[in-house]
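These are the residues of each chain, in order.
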Amino acid sequence: MAAKTFRGGVHPPEFKDLTSSSAIENLPPPDRVVVPLVQHIGAPCQPAVTEETELSKGDEVRLGQKIGDVDAFVSAPVHAPVSGEVADIGSARLSDGRKVPAVIIDSDGEDRPSEEIEPAGDMRNLSPEEIKGIIREAGIVGMGGAAFPCHVKYSPPEGNELDTIVINGCECEPFLTCDDRLMIEEPGEIVFGLEVIMKATGAKRGIIGIEDNKPQAIEAVREAVGDRDFEVVAVQTKYPQGAEKQLIKAVTGREVPSGGLPLNVGVVVNNVATAASISAAIRTGMPLVERIVTVSGDVVARPANLRVRIGTPIRDLFEFCGGFTESPARIISGGPLMGQAIADLDMPIVKGTSGLLALSSRIVTYEEEEPCIRCGRCVDICPAYLMPLFTARYPDDEALEYNPLDCIECGSCSYICPANQRLLPRIRLTKMEAQARQRDEG
Amino acid sequence: MSVEENLDRSALTVTSSPHLKDKTRNRGIMLDVAIALLPAVAAATYFFGTWALVTIASCIAGAFVAEAGIMAARGKDIPLGDGSALVTGLLLGLTLPPDLPIWVGFLGGAFGIGVGKAIFGGLGLNMFNPALVGRAFLVASFPVLLTSFRWPWNSGAWMGAEFDAVSTATPLALLKFSAVETPAMELFLGNVGGSLGETSALALIIGGMYLLFRGVINWRIPASYIGTVMLLALVGGDDPVFHLLAGGLLLGAFFMATDYVTSPITARGKLVFGFGCGLLTYVIRSFGGYPEGVLYSILLMNSAVPLIERFTRPRVFGTGVKTGES
């Protein structure tokens with residue numbers, strides 16, 4: 001049987017062998033961390049120890065202690081990734097260009113854990129509400145990149161019933177191998193995380209989808225699943241196989257309605273790293289204060305998969321990997337297809353940072369745009385079934401008729417275009433215009 | 001080693017995603033089409049002699065001169081490197097009869113590019129297939145020259161006593177006006193009278209397969225075009241294989257109707273377009289005044305492309321189907 005998949009998509013070179021056999025290494029915690037108070041989609045956190053006590057400069061903090069929270073449903077608290085002293089409540093630049101408030105902590109190098117951190121005990125004794133509470137308090141967000149707070153995903157609005165949890169182990173972005181290594185090295189964490197999520201949501205069906213270019217990971221996860229009633233599905237290696245809606249289509253056959261959420265078809269998708277973090281929050285009580293990051297690219301001296309504390313400057317990761325063999329033409333936070341180009345190495349690692357890439361001009365090419373010859377490749381490969389060449393015709397009003405809001409911004413159209421047309425950047429403009437008009441009308 | 005040691009910030013670029021790019025370019029696609037036409041060029045040379053090459057070269061020259069001249073006049077870069085004028089010239093040359101004076105091909109190439117493409121704004125913006133515009137112009141202007149066909153150097157033997165060794169008509173015309181049937185094997189190999197590129201079905205099929213294999217063209221237009229003609233022939237009591245192999249159907253279906261710029265971009269649109277071309281071709285061949293209908297069928301269907309596209313837009317993901325279990 002052919003591997004399951006969605007219609008459309010592209011096959012960029014994978015570049016994964018740079019790090020696919022590099023075991024996860026621990027990056028020593030830095031002397032100073034910068035922890036942004038916005039690392040998720042939703043309301044920004046306020047610096048706080050508890051609801052009543054504000055956090056301020058000079059305060060002592062312990063590892064795992066809450067340092068930012070807000071009384072809003074769609075939000076996720078942040079925690080101290082080291083123990084030490086609050087050096088300042090300042091700001092940090094994120095890879096998308098936003099400048100957000102941040103808590104800056106000087107580490108005492110001791111990693112003294114907060115007293116609040118304790119295992120949640122036997123999962124069977126926890127109610128779904130208790131589990132959701134623990135997940136919220138642990139500040140767990142989607143770690144595949146979107147950083148949507150998990151507890152929100154697990155709380156469907158009236159009338160929607162959740163029946164399926166899909167754990168996303170596709171890792172369809174070239175270069176990235178952090179999820180692959182996590183599946184190989186700690187599959188038990190992922191499987192336990194899935195059990196927790198199913199308990200929290202009452203879902204009956206658990207699926208783990210993994211691209212078929214990761215046979216070792218598939219094998220390891222299958223073994224960890226054992227005789228549990230979970231499906232480990234090998235999906236076709238194709239970009240963007242790990243896009244939420246496309247993965248749901250591939251493994252369940254369901255299509256998330258236009259403008260809707262996975263919840264509308266009874267599904268929640270979580271990345272494997274998210275599942276592992278949930279597992280840790282239940283088993284040890286440790287909130288989300290670290291993550292695995294792939295540091296790769298053709299000009300990185302020693303590419304690696306690193307377990308790093310949130311708030312570690314990007315510079316430290318490249319430094320640990322031996323620096324650059326030659327000057328990179330681009331440094332990217334995330335994968336090469338959806339990631340963001342950055343120029344500031346002092347940006348901190350956040351919960352959603354899956355990779356750091358340094359690429360030479362041999363890989364990141366620049367070519368002038370040529371006329372569109374209407375070859376139709378963008379239409380053939382668009383995983384949202386759009387006609388990108390027309391959606392990209394902004395500021396022509398006609399572009400708005402070509403479903404800009406259904407674009408998932410995977411960039412497959414720009415990737416494939418033989419005329420080097422900057423399709424996705426233009427579609428983003430069309431999308432913004434469509435959103436603006438919606439607001440005006442609404 | 002410090003990160004700063006090998007970091008030249010002036011070389012660091014920041015753009016929006018994606019940061020990777022597939023290797024295929026317009027130029028490579030055009031080159032593939034040109035490569036796919038080589039078997040037909042070789043067959044033309046084999047059957048009609050080296051003057052075939054001169055005719056084809058004259059068309060390419062006309063296309064190049066028009067492209068360069070018009071782009072220079074508009075103050076734009078001269079885009080001969082994109083290969084589209086090369087393909088237009090090649091295609092036009094293959095639709096012409098052997099032994100044409102050089103200036104005819106040159107004029108056709110120049111008209112095809114100038115009026116067929118440049119006045120619409122250049123590559124990607126033209127409504128009609130430039131090679132066919134060039135041919136239509138030549139047929140209208142020099143009807144006698146454009147219908148003077150002759151036997152290939154080694155052909156006609158199967159005609160027996162009627163073989164007059166020099167001039168002849170195309171197999172379609174022979175059938176239509178003289179009720180003479182050309183054997184299928186002669187049509188397949190190309191040992192018949194006709195335009196340079198349309199005589200050898202074998203050479204065109206090789207080229208067409210190459211384009212399909214390389215992913216340059218999609219099966220939908222050739223399949224629906226050829227399928228429609230053959231089906232109608234079957235229904236109409238004609239020989240479908242004859243309709244397939246004779247005339248310009250294969251050249252048209254694989255190389256002209258599949259022109260990206262002038263054919264629908266949607267999957268269903270391609271099927272509709274091919275069907276329309278097939279229907280018109282059969283109707284013209286069977287009921288029209290001309291023996292062959294490929295040229296005008298495709299040109300007519302070219303004009304219907306925006307309409308076809310409007311009605312065959314793909315279903316957007318998450319719309320139009322039940323969103324539950326499929």
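Residues numbered from 1 in each chain as written. Chains lettered and ligands numbered in written order. Predicted model: local features only at pLDDT ≥ 70, side-chain atom pairs only at ≥ 80, totals over all residues.

### Quick notes on the overall build of chain A
Okay, step 1: Counting its secondary structure elements, chain A contains twelve helices and 17 strands.
Okay, step 2: Rg of the C-alpha trace for chain A: 21 Å, near the compact-globule value of 22 Å for 442 residues, within the 12% margin.
Okay, step 3: Out of the 442 residues belonging to chain A, those deemed buried represent 59%.
Okay, step 4: Sequence separation of at least 24 residues holds for 73% of the intrachain contacts in chain A that already meet a minimum separation of 6. (Helix = DSSP H or I, 4+ residues; strand = E, 2+ residues; numbered from the N terminus. Rg over C-alpha atoms; globule rule 2.2 N^0.38 Å. Buried ≥ 20, exposed ≤ 12 C-beta atoms within 10 Å, placed from the backbone. Contact = placed C-beta atoms within 7 Å.)

### Section: the interface of chain B and chain A
Okay, step 1: Taken together, the 43 residues of chain B in the interface contact 60 residues of chain A.
Okay, step 2: Class assignment of the residues belonging to the side of chain B that touches chain A gives a composition of 17 nonpolar, 17 polar and nine charged. (Nonpolar A, V, L, I, M, F, W, Y, C, P; charged D, E, K, R; others polar.)

### Re the pairing of strand 7 (residues 84-93) of chain A
All names here are of chain A.
Okay, step 1: Inspection of the sheet shows strand 4 (residues 60-61) paired to strand 7 by two bridges, in the antiparallel sense. Residue pairing in the sheet places V61 in a bridge with G84 of strand 7.
Okay, step 2: Connecting strand 7 to the antiparallel partner strand 8 (residues 99-107) that follows it, the hairpin turn spans five residues, and G97 within it adopts a positive phi of roughly 100°. (Pairing = 2+ DSSP bridges.)

### Remarks on the domain arrangement of chain B
Residue and element names in this part refer to chain B.
Okay, step 1: In terms of domains, chain B is made up of domain 1 (26-146) and domain 2 (151-305).
Okay, step 2: Here the C-alpha centre of domain 2 lies 20 Å away from the C-alpha centre of domain 1.
Okay, step 3: Between domain 1 and domain 2, the residue contacts involve 33 residues of the former and 30 residues of the latter.
Okay, step 4: Of all the secondary structure elements, the ones that give two or more residues to the side of domain 1 that touches domain 2 are helix 1 (26-48), helix 2 (51-73), helix 3 (84-94) and helix 5 (130-141).
Okay, step 5: Of all the elements, helix 1 adds the most residues to the side of domain 1 that touches domain 2, at 13 residues.
Okay, step 6: Partitioned by chemical class, the residues of the side of domain 1 that touches domain 2 number 24 nonpolar, seven polar and two charged. (Domains from an automatic or database assignment.)

### Regarding the sheet that holds strand 8 of chain A
Residue and element names in this part refer to chain A.
Okay, step 1: Read from one edge of the open sheet, four strands run 2-8-7-4, paired in antiparallel fashion. Edge positions in the sheet fall to strand 2 (32-36) and strand 4, since each has one partner strand and no second.
Okay, step 2: Where strand 2 lies against strand 8, five bridges are found, and the strand directions are antiparallel. By the bridge assignment for strand 8, V33 is matched with I105.

### Re the sheet that holds strand 3 (residues 46-47) of chain A
All names here are of chain A.
Okay, step 1: Spatially, the three strands line up as an open sheet ordered 3-5-6, and their pairing is antiparallel. The sheet is open, and its two edges are formed by strand 3 and strand 6 (78-79), each paired on a single side.
Okay, step 2: One ladder, built from two bridges, connects strand 5 (residues 66-69) with strand 6; its direction is antiparallel. Paired with G68 across the two strands is V78, which belongs to strand 6.

### Some details on helix 6 (residues 244-252) of chain A
All names here are of chain A.
Okay, step 1: Within helix 6, nine of the nine residues are buried, which leaves it mostly tucked inside the rest of the structure.
Okay, step 2: Of all the positions in helix 6, only E244, K245, Q246, L247, I248, K249, A250, V251 and T252 are classed as buried.
Okay, step 3: Against the buried residues of helix 6 lie strand 9 (164-169), strand 10 (205-211), strand 11 (230-235) and strand 12 (267-271).
Okay, step 4: After helix 6 finishes, the residue G253 shows a positive phi value of roughly 80°.

### Digging into helix 9 (residues 201-213) of chain B
Residues and elements named next belong to chain B.
Okay, step 1: Counted at 1.5 Å a residue, the expected span for helix 9 with its 13 residues is 18 Å, and the 18 Å between its end C-alpha atoms agrees.
Okay, step 2: Turning to helix 9, its buried residues number three or more, namely A201, A203, L204, G207, G208 and L211. Looking straight down helix 9, one finds that the buried residues subtend no more than 160° of arc, so they occupy a single side. (Expected span 1.5 Å × (residues − 1). Arc of directions from axis to C-beta.)

### Some points on the domain arrangement of chain A
Residues and elements named next belong to chain A.
Okay, step 1: The domain boundaries assigned to chain A delineate domain 1 (16-23 + 127-283) and domain 2 (377-441).
Okay, step 2: Each of domain 1 and domain 2 has a C-alpha centre, and these two points are 28 Å apart.
Okay, step 3: At the interface, seven residues of domain 1 touch six residues of domain 2.
Okay, step 4: Its residues placed into classes, the side of domain 1 that touches domain 2 shows three nonpolar, three polar and one charged.

### A short note on the environment of E290(A)
Okay, step 1: Along the chain, E290(A) turns up in strand 13 (residues 290-296).
Okay, step 2: Each C-alpha atom of the pair E290(A) and I310(A) lies 5.1 Å from the other, and the pair is 20 residues apart in sequence.

### A short note on the pairing of strand 12 of chain A
Residue and element names in this part refer to chain A.
Okay, step 1: Counting buried positions over the five residues of strand 12 gives five, a clear majority of the element.
Okay, step 2: By the alternation rule, side chains of strand 12 split into V267, V269 and N271 and V268 and N270, which are all buried.
Okay, step 3: Bridge count between strand 9 and strand 12: five bridges; the pairing is parallel. Residue V166 lies in a different strand from strand 12, and its bridge partner there is V269.

### Considering the nonpolar core
Okay, step 1: Counting 238 residues, the largest nonpolar core has L194(A), V221(A) and L317(A) as its most contacted members.
Okay, step 2: At eleven residues, helix 1 of chain B tops the list of elements feeding residues into this core.
Okay, step 3: In contact with L317(A), not counting residues within four places along its chain, are L27(A), V293(A), V295(A), L306(A), V308(A), T312(A) and L356(A). (Core = buried A, V, L, I, M, F, W, Y, C linked by C-beta atoms within 7 Å.)

### Considerations on the packing of helix 1 of chain B against helix 3 of chain B
Residues and elements named next belong to chain B.
Okay, step 1: The N-to-C vectors of helix 1 and helix 3 enclose an angle of 25°; their axes lie 10 Å apart at closest approach. Regarding the angle of helix 1 to helix 3, the classification is roughly parallel. Crossing geometry of helix 1 relative to helix 3 is assigned as left-handed. Residue-level inspection shows M30, V33, A34, L37, A40 and A44 of helix 1 in contact with helix 3, the latter providing S84, L86, V87, L90 and L94.
Okay, step 2: For the contact of helix 1 with helix 3, the per-class residue count stands at ten nonpolar, one polar and no charged. (Axes fitted to C-alpha atoms, helices over the stretch in contact; angles between N-to-C directions. Parallel < 35°, antiparallel > 145°, perpendicular 65-115°, else oblique. Left-handed = near helix turned anticlockwise from the far one by under 90°.)

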